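Close look at the chain arrangement
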Amino acid sequence: MVLTLVGSPISTCTKRVVAVFLEKQVPFKFVPIDFTKGEHKAPAFMEKQPFGQVPYLDDDGYIIYESRAICRYIAEKYADQGTPLFPTDLKAKGLFEQAASIEQSNFDVYASKAAYEAVFKPNLGLVTDKSVVDSLIKQLEQKLDVYEQILSKQKYLAGDELTLADLFHLPYGALLPAVGSNAIQERPNVARWFNSLTERPSWKAVKDGIVVTA
Amino acid sequence: MVLKLYAAPQSTASLRVAQVLHENNVPFEFIPIDLRAKEQKQAQHTEKNPFGQVPYIDDDGFVLYESRAIGRYIALKYAGQGTAGLIPDQSDIKALALFEQAASSEFANFEVHAAKIAYEKLFKVRLGFPTNEEVVKGAIDQLNVKLDVYEGILAKQGYLAGRELTLADLYHIPFGTRLYRAGLGDLIDSRPNVAKWFNALLARPSWVAIKDGITSTA
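Residue numbers restart at each chain and count upward from 1, following the sequence in its written direction. Ligands are numbered from 1 and chains lettered from A, in the order in which they are written. Only residues with pLDDT of 70 or above have their local features reported here, since the model is predicted, and side-chain atom pairs are shown and tallied only from 80 upward, although totals for entire chains, interfaces and linings are computed over all residues. As a rule here, side-chain values cover all heavy atoms of the structure and leave hydrogens and water aside.

As named in an unreviewed UniProt entry, chain B is glutathione transferase, taken from Ephemerocybe angulata. Among the UniProt annotations of chain B, the heading Catalytic activity (unreviewed entry) holds the following wording: "RX + glutathione = an S-substituted glutathione + a halide anion + H(+)". Quoted verbatim from the Sequence similarities (unreviewed entry) heading of the UniProt record, the comment on chain B is "Belongs to the GST superfamily." UniProt positions are given in the numbering used here, feature names are shortened, and annotations may be inferred rather than shown by experiment.

An unreviewed UniProt entry annotates chain A as glutathione transferase of Ephemerocybe angulata. Among the UniProt annotations of chain A, the heading Sequence similarities (unreviewed entry) holds the following wording: "Belongs to the GST superfamily. Phi family." UniProt's Catalytic activity (unreviewed entry) comment on chain A is quoted here verbatim: "RX + glutathione = an S-substituted glutathione + a halide anion + H(+)".

Shown next as structure tokens:
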């Protein structure tokens, strides 16, 4: 049975997963959820994803949620095909986990909140608090200054090879211009790194919304 | 050469790593970093952890930072000793993915909110800054929603990734204990399954050994 991804065509976290499906050349069926109808809070949905969030993966009855966990599962299960996204050596794995943790605690924390405040709230008819956005971007910029240092010495965040940790940055990184921040492009090494990610066919295929491959 | 842990005795992230070292019976030398003196922002430290944070380890020249990454590295390297299965074996990719689901949830659904409470009600107060009660209320509201989900998950299984303890459970302890210090222990205590799970984690010798501060074991 083909893998089924239940998500939203415009959701950042759903795009994070689909980009990895494409990198690993894994066919999947996409089942879109309509946020405006509250489908993600319906009992049938929450039976599979108890936090009422998108996306989740159904692999022939085996359910996994949390986009980064789904990405890791796909990268592990299909390790032998498509782009290698995970190191196998112990120390390289440690450095990969370091990069993955950096993405969560030093990037996503600020970028996703800023995106919510500046981009999603207006879509929901709510008012953006600009002081919150400015504070988040200022903190993000301090972190990106460190990224600039790291990426001056190596090609990707975990070393010289692309890993999932780099790809995890795509959905919210790509939204920063819409938030009103040019922080990535203002830093030469960060820009070089991030632009190399957005140039990848897997990202180009999902950046404007999700299309099914299976 | 014995593993060196550069950390602060009571920093949440430092405690997270120290606990895994204890669980896997890994002797380590604790080198205290003085946060009040901002030692973590000095060149000698930022050369190893460019984000200017604690902790980092030096494992015979191999330097790693980010507490959750360090915990994973230790659990993988010392998989054959101490507590087994802190990360499920790679040969069982379904169990591994359920662990990743729980680990992702720990950060996105728990730490994000618990850390805000600890920062506002403990850290800022210690430094003489006013608590932003609105931020605290927002974080409490979110945690109530998330911990209701945890209550449901833990009604069906003993640990967050399934029947066995993993790093995903342990990683909740540092900020979980800070909720009690902030006077909000009821968030956990009012939920029977969550309380049972959390109290069992606190009773582990690895936590008892470090809860009042990290010390060298080598």
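**Brief notes about the layout of surface pockets**
Looking at the second largest pocket, its volume works out to about 530 Å³. Lining the second largest pocket are 31 residues, with Glu76 and Lys93 of chain A together with Leu76, Gln90 and Leu96 of chain B positioned closest to its centre. In DSSP terms, a helix is any run of H or I states spanning at least four residues, a strand is any run of E spanning at least two, and both are numbered starting from the N terminus. Taken together, the elements giving at least two residues each to the lining of the second largest pocket come down to α3 (67–77) and α4 (90–123) of chain A together with α3 (67–77) and α4 (93–126) of chain B. A breakdown of the residues in the lining of the second largest pocket according to their chemical character gives 18 nonpolar, 5 polar and 8 charged. The distinction between a cavity and a pocket rests on a 1 Å grid over the protein atoms alone: a 1.4 Å probe fits inside a cavity but cannot get out, while a pocket stays open yet meets protein on both sides within 12 Å along at least five of seven lines, and a residue with an atom within 4 Å of a point counts as lining. Grid points are joined across faces, edges and corners, and a volume is the space filled by probe spheres set on the points. Under this grouping Gly is polar, as are all residues other than the nonpolar Ala, Val, Leu, Ile, Met, Phe, Trp, Tyr, Cys and Pro and the charged Asp, Glu, Lys and Arg.

**Notes on the packing of α4 of chain B against helix α5 (residues 133–156) of chain B**
All names here are of chain B. Every angle, taken between N-to-C directions, lies between 0 and 180 degrees, and every axis is a line fitted to C-alpha atoms, over only the stretch in contact when it is a helix. Between α4 and α5, whose axes approach to 9 Å, the crossing angle comes to 150 degrees. Classified by the angle their axes make, α4 and α5 are roughly antiparallel. Seen from above, α4 lies across α5 with left-handed handedness. Contact residues: α4 offers Ser105, Glu106, Asn109, Phe110, His113, Ala114, Lys116, Ile117, Glu120 and Lys121, while α5 offers Glu133, Val135, Val136, Ala139, Ile140, Gln142, Leu143, Lys146, Leu147 and Tyr150. Per-class residue counts for the contact of α4 with α5 are 10 nonpolar, 4 polar and 6 charged. Should an angle fall under 35 degrees it is taken as roughly parallel, and over 145 as roughly antiparallel, whereas 65 to 115 is taken as roughly perpendicular and any remaining angle as oblique. Should the near helix be turned counterclockwise from the far one by less than a right angle, the crossing is left-handed, whereas a clockwise turn marks it as right-handed. In this description, contact between two residues means that some pair of their heavy atoms is separated by no more than 4.5 Å.

**What about the UniProt feature "domain: GST N-terminal" (unreviewed entry) in chain B?**
According to UniProt, the "domain: GST N-terminal" (unreviewed entry) feature falls on residues 1–82 of chain B. With 33% helix and 22% strand, the stretch residues 1–82 of chain B has end C-alpha atoms that lie 20 Å from each other.

**Brief notes about the confidence of the model for chain B**
A residue's pLDDT is the predictor's confidence in that residue, given on a scale from 0 to 100. With 100% of its residues at a pLDDT of 70 or more, chain B has an overall mean of 97. Listed scores for the predicted complex are pTM 0.96 and ipTM 0.96.

**Describing the side chain of asparagine 109 of chain B**
When you line up the elements, asparagine 109 of chain B lands in helix α4. When neighbours within four sequence positions are excluded, asparagine 109 of chain B is seen to be in contact with Phe51, Gln53 and Glu66 of chain A together with Leu143 and Lys146 of chain B.

**Describing the sheet that holds strand β4 (residues 62–65) of chain A**
Residues and elements named next belong to chain A. Strands are labelled as partners when DSSP assigns at least two bridges between them. The strand order across the open sheet built from 4 strands is β2-β1-β3-β4, with neighbouring strands paired in mixed fashion. At either end of the open sheet lies a strand with only one pairing partner, and these are β2 (28–32) and β4. Direction aside, neighbouring strands of the sheet carry axes that sit 20 degrees apart on average. Pairing between strand β3 (residues 56–59) and β4: 4 bridges, direction antiparallel. Residue pairing across strands places tyrosine 56 opposite tyrosine 65, the latter belonging to β4.

**Remarks on the UniProt feature "domain: GST N-terminal" (unreviewed entry) in chain A**
Sequence positions flagged by UniProt for "domain: GST N-terminal" (unreviewed entry) are, in local numbering, residues 1–82 of chain A. A distance of 20 Å separates the end C-alpha atoms of residues 1–82 of chain A, which is 33% helix and 22% strand.

**Some points on the sheet that holds strand β2 (residues 28–32) of chain B**
Residues and elements named next belong to chain B. With mixed pairing, the 4 strands of this open sheet are ordered in space as β2-β1-β3-β4. With partners counted over all chains shown, the strands left at the sheet margins are β2 and β4 (62–65), one partner each. Shown here is a sheet whose adjacent strand axes are inclined to one another by a mean of 20 degrees, direction ignored. Pairing of strand β1 (residues 3–7) with β2, which is carried by 5 bridges, proceeds in the parallel orientation. Each residue of the ladder has a partner; that of lysine 4, found in β2, is glutamate 29. Against the sheet, α3 contacts β3 (56–59) and β4, and its axis sits at roughly 130 degrees relative to β4.

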